[in-house]
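# Structural description and commentary
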Amino acid sequence: EKYVNLKNWSFANQNEDSIYNEKEITVSDLIIAPKTYLVFSSNTKAVISLYPGSVETNFFQTTLPSMNDDEGSIVLLQESQEVVDAFSYSDKFHNPLLKDDEGVSLERITFLEPTQNPNNWRSANASVGFATPGYFNSNTRPDTHEESSVVIEPEIFSPNRPGQDFAQINFQFDQSGYVANVSIADQQGRVIKRLANNETLGYQGFYRWDGDRDDGSKARIGYYFVWFEIYALDGTVKTYRKRVVIGG
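The structure contained in this document is the topic of the report that follows. (Residues numbered from 1 in each chain as written. Predicted model: local features only at pLDDT ≥ 70, side-chain atom pairs only at ≥ 80, totals over all residues. Heavy atoms only, no water.)

Attention shifts here to the overall build of the chain. Counting its secondary structure elements, the chain contains one helix and 18 strands. Along the first, second and third principal axes, the C-alpha atoms of the chain reach 65 × 40 × 35 Å. Burial analysis of the chain (248 residues in total) assigns 37% to the buried set. Considering only intrachain contacts with a sequence separation of at least 6, the fraction spanning at least 24 residues in the chain is 52%. Summing over all exposed atoms, the chain offers an accessible surface of approximately 14,800 Å²; the carbon and sulfur share of this is 47%. Each charge class in the chain was averaged separately, 22 positive and 34 negative side chains, and the resulting centres sit 11 Å apart. (Helix = DSSP H or I, 4+ residues; strand = E, 2+ residues; numbered from the N terminus. Buried < 20%, exposed > 50% of the residue type's maximum accessible area, 1.4 Å probe, protein only. Contact = heavy atoms within 4.5 Å. Areas by Shrake-Rupley, 256 points an atom, 1.4 Å probe, with all protein chains shown as cover. Lys, Arg positive; Asp, Glu negative; His and termini not counted. Charge placed at Lys NZ, Arg CZ, Asp CG, Glu CD.)

Counting buried residues in strand β2 (residues 10–14) gives four out of five residues, a clear majority hidden from the surface. When β2 meets strand β3 (residues 19–24), the two strands line up antiparallel, connected through four bridges. Opposite Gln 14, over in β3, you have Ile 19 as the bridge partner. For β2 and strand β7 (residues 71–77), the ladder comprises three bridges, and the chain directions are antiparallel. Among the inter-strand pairings, Ser 10 is bridged to a residue of β7, identified as Leu 77. (Pairing = 2+ DSSP bridges.)

Once that is clear, we can look at the sheet that holds strand β8 (residues 83–90). Pairing between the strands of a sheet is mediated by backbone hydrogen bonds and can be parallel or antiparallel. Taken together, the four strands give an open sheet; going across it, the order is β3-β2-β7-β8, and neighbouring strands pair in antiparallel fashion. Two strands close off the open sheet at either side, each with one partner strand: β3 and β8. Taken over all neighbouring pairs, the strand axes of this sheet differ in orientation by 20° on average, direction set aside. Sheet topology note: the β7/β8 ladder contains seven bridges and is antiparallel. The residue bridging Glu 71 from the neighbouring strand is Ser 90, located in β8. (Axes fitted to C-alpha atoms, helices over the stretch in contact; angles between N-to-C directions.)

Ile 169, Phe 173, Tyr 207, Trp 209 and Phe 228 are the most contacted members of the largest nonpolar core, which has 26 residues in total. Not counting the four nearest positions on each side in its chain, Phe 228 is found in contact with Val 150, Ile 169, Phe 171, Phe 173, Ala 180, Asn 181, Val 182, Leu 201, Tyr 207, Lys 238, Thr 239 and Tyr 240. In this structure, Leu 6, Phe 11, Phe 87 and Phe 93 belong to the second largest nonpolar core, which totals 10 residues. (Core = buried A, V, L, I, M, F, W, Y, C linked by side-chain atoms within 4.5 Å.)

If you trace the three strands from one edge of the open sheet to the other, you get β11-β13-β16, paired in antiparallel fashion. Among the strands making up the open sheet, the edge pair consists of β11 (149–153) and β16 (204–209). Across the sheet, the mean angle from the axis of one strand to that of its neighbour is 20°, orientation sign disregarded. Relative to β16, strand β13 (residues 167–172) runs antiparallel, the two sharing six bridges.

This is the structure we're talking about:
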């Protein structure tokens, strides 16, 4: 709830005996407002080019301590050298269903749980491009949960209807980290369009269907179905079947 001046604060590495490789963030005033986000990077242009959804106004370029991909540590220090927060990470915290964790951020789920709790960290979701530089994590846990749902808006759409020329497939679940397969099928059950193939999801989000097929052609006027299948590491499987219509 406070404004914080990060002037003369530092990042560092940490082992069991000491804090080392300390790098000062800035010698000038740098104010972070309540409930906002900052990205610290030694090469902001490179990060933005890798993650087009980045919020560039929330980037700050500075020198950082070394951080290996497989495991390491990061510590945030006040000017007085008091530790504000510290995290020792490992690539074992990533979702084991990921074939490759290169370029995938580890995300903290909630600020209410201890930083070092491994269960408080998950791989960023495929639906956001595996990272959210400059805004809230894709695995952020909301304060309350509504019942799991998949909703199509609008259920009837048409390429010739201004403002309703595509279908938005909204989803919200009781937890993040589900893996999803999402496709469009015709009345005979034939899949004409695949929207997601083994993609990890956040708590909520959406997919979009423009009434096209996998080969790029337009689907005919008529009834179709959205098949939305999710599964979790514990074996939980849920399937949602929703109607969607291309009108004239």
